[in-house]
Amino acid sequence: MSATLRGRQAGGRDVVVTPRAAVQALPAYKPGRNPADLAREIGVDRAVKLASNEVAFPPLPAVVRALAEAAGETNRYPDNGAVVLTRALADRYGVAPEQIATGGGAVMLCQQLAQSFSDPGTSLAFAWRSFEMYPLLAQVAGARAIQVPLVPGRPGGPADTHDLDGLLAAIDETTRLVFVCNPNNPTGTAVRRGPLEAFLDAVPAETLVVLDEAYREFVTDPDVPDGLEVMRGRPNVVVLRTFSKAWGLAGLRVGYLIAEDPAVAEAVRKTFVPFSVNMLAQAAAVAALASEDEVRARCAAVVGERDRLTAALRERGVPVEDSQANFVWLPLGEATVATAQALEGRAVITRPFAGEGIRVSIGTPEENDVFLAAWDAVRATVPVR
Ligand SMILES: *Cc1c(COP(=O)(O)O)cnc(C)c1O
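Cut-offs applied
Residues numbered from 1 in each chain as written. Predicted model: local features only at pLDDT ≥ 70, side-chain atom pairs only at ≥ 80, totals over all residues. Heavy atoms only, no water. UniProt positions renumbered as here; feature names shortened; annotations may be inferred. Helix = DSSP H or I, 4+ residues; strand = E, 2+ residues; numbered from the N terminus. Buried < 20%, exposed > 50% of the residue type's maximum accessible area, 1.4 Å probe, protein only. Contact = heavy atoms within 4.5 Å. Axes fitted to C-alpha atoms, helices over the stretch in contact; angles between N-to-C directions. Parallel < 35°, antiparallel > 145°, perpendicular 65-115°, else oblique. Left-handed = near helix turned anticlockwise from the far one by under 90°. Nonpolar A, V, L, I, M, F, W, Y, C, P; charged D, E, K, R; others polar. Arc of directions from axis to C-beta. 1 Å grid on protein atoms, 1.4 Å probe; cavity = no way out; pocket = protein on both sides within 12 Å on 5 of 7 lines; lining within 4 Å. Points joined across faces, edges and corners; volume = space filled by probe spheres on them. Domains from an automatic or database assignment. Pairing = 2+ DSSP bridges. Polar contact = N/O pair within 3.5 Å; in protein donor to acceptor, adjacent residues only side chain to side chain. Near = heavy atom within 4 Å. Areas by Shrake-Rupley, 256 points an atom, 1.4 Å probe, with all protein chains shown as cover.

- Where an unreviewed UniProt entry is consulted, the protein appears under the name Aromatic amino acid aminotransferase, with the organism given as Blastococcus jejuensis.
- Within the UniProt record for the protein, the comment given under Subunit (unreviewed entry) is "Homodimer."
- Its UniProt record gives the protein the following Cofactor (unreviewed entry) comment, quoted word for word: "pyridoxal 5'-phosphate".

Quick word on the UniProt feature "domain: Aminotransferase class I/classII large" (unreviewed entry) in the protein
- UniProt marks residues 48-373 with the feature "domain: Aminotransferase class I/classII large" (unreviewed entry), using the numbering shown here.
- Along residues 48-373 the backbone is 39% helical and 18% strand, and the end-to-end C-alpha distance reaches 12 Å.

Some details on the environment of V238
- With respect to the helices, strands and loops of the structure, V238 is situated in strand β11 (residues 237-242).
- Overall, the relative accessible area of 0% leaves V238 in the buried class.
- A sequence separation of 36 residues divides V238 from P274, and the C-alpha atoms of the two residues are 22 Å apart.
- Every residue in contact with V238, bar those within four places of it in the chain, is listed here: L208, V209, V210, L211, L257, I258, A259 and V264.

Considering the packing of helix α13 (residues 336-345) against helix α14 (residues 365-379)
- As a packed pair, α13 and α14 sit with axes 9 Å apart at the nearest point and diverge in direction by 120°. Classed by the angle they form, the pair α13 and α14 counts as oblique. You can see that α13 and α14 cross each other, and the crossing is right-handed. Contacts from T339, A342 and L343 of α13 reach α14 at F371, A374, W375 and V378.
- Here the contact of α13 with α14 is built from residues that sort into 6 nonpolar, 1 polar and no charged.

Remarks on α13
- For α13, the full list of buried residues reads T336, T339, A340, L343 and E344. Here the buried residues of α13 occupy an arc of 140° about the axis, which is enough to place them on one side.
- Looking at the buried residues of α13, the elements they touch are α2 (35-42), β14 (348-349), β15 (351-353), β16 (357-361) and α14.
- Where α13 ends, the next residue or the one after it, A347, has phi of about 70°, a positive value.

Quick word on the layout of surface pockets
- Empty space within the largest pocket amounts to approximately 1,600 Å³.
- As for the largest pocket, its lining consists of 42 residues, and the residues nearest its centre are Y29, K30, S52, E132 and R351.
- Counting only elements with at least two residues in the lining of the largest pocket, the list comes to α5 (106-117), α6 (133-141), β11, α13 and β15.
- Examining the composition of the lining of the largest pocket, we find that 4 residues originate from one element, α13, more than from any other.
- Class assignment for the residues of the lining of the largest pocket results in 23 nonpolar, 8 polar and 11 charged.
- Looking at which domains feed residues into the lining of the largest pocket, each of domain 1 (31-53 + 293-378) and domain 2 (61-289) gives three or more.

With respect to the sheet that holds strand β6 (residues 144-149)
- Sheet architecture is open: 7 strands sit in the order β4-β12-β11-β10-β9-β5-β6, paired in mixed fashion. Each edge of the sheet is formed by a strand with only one pairing partner; in this case those strands are β4 (100-103) and β6. Averaged over all neighbouring strand pairs, the angle between strand axes comes to 20°, with direction disregarded.
- Looking at chain direction, strand β10 (residues 208-212) and β11 are connected through 4 bridges and run parallel.

Some words on the environment of N368
- Along the chain, N368 falls in helix α14.
- Along the primary structure N368 and V48 are separated by 320 residues, whereas in three dimensions their C-alpha atoms are 9.0 Å apart.
- Among the polar contacts made by the side chain of N368, one reaches the side chain of E305 at a distance of 2.7 Å.

Quick notes on the site of the ligand
- In the vicinity of the ligand, 13 residues are found, and the nearest of them are A106, Y215, T242, S244 and K245.
- One nitrogen or oxygen atom from the main chain of A106 is found 2.6 Å from an oxygen atom belonging to the ligand.
- A distance of 2.5 Å separates an oxygen atom of the ligand from a polar side-chain atom of T242.
- With the chains in place, 94% of the 380 Å² that the ligand exposes on its own is no longer accessible.

Spelled out as structure tokens, the structure:
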């Protein structure tokens, strides 16, 4: 198919416009399965969506109140500097406001980082499989993507863990950015303090390391460091966080980045699309931060369900590793796609990665039970491993 778009202008003249080659090569956006559509299709009342790592709790009460209040002012532009939110984040994390950049979801901050630090001929390194956004960032920025395969976290296990030595060896003088997703999406494994600090000490000073901690609030292993602690004293490190997961604001689109060096945060702020953290998102994020105790309690409940689901799957012979996030990873290999399809036939939407495995988000206890029942039914028909 020709990538050139053809049309006819009002004056009758042919127009031929051509997207950049890098954009032509991008995959077309493929929306996830919608639970209402699936339920209708298979004739059930309700389908369960465990595909996007949201939390299943409704928005926090304080968030709903803040949204109602802010709604009355949405004829105005939002605060382009997100001053109140930035101040609240600075107070919460003990950093200066100058070290912070807010963005329309952490994904937009990823894009801003790529725009701020990549030039044609540079490279961007990350583990693979990891967050799906990373290869796209490189492509759009015209940078080379250096993908370093995951390695088994335990001998004989599936390749599910960062290879920090491999990542370090793959970095060269063109590498401007390295993403370390900790815990890793979609495998749920995390790198620990010692190896991470050794890695950060060895990375060239000209390479910016982005610790993507979208799931930090679900980490329970004390050996997995808080990125903000290991960032201290390392001006080439930033920590990326989001309100979409633990804080329950996925639908509002707001994330933030904290940089050791304020100049890094400033560079990211310069590529901000004006007003892209909207007024409701800012108000909601401030209210969520003020409700941290409730958020912590919710995270503990998610962790309890994560551990229950992990144990239940292991009892069924599935080699599930400990997850530090709000999802579990089922390394099903070649059985992945057939299993995910069969689960959808039983009204459960998961996130398959063909040939590798299925990521299952932790839902409510009832949703997780629906998943386990579907698994048991599907297991009889789809051979696993
Ligand atoms: C979900 C996620 C994000 C951020 O999501 P936003 O909704 O854009 O804030 C960032 N990194 C990883 C690894 C994620 O899984």
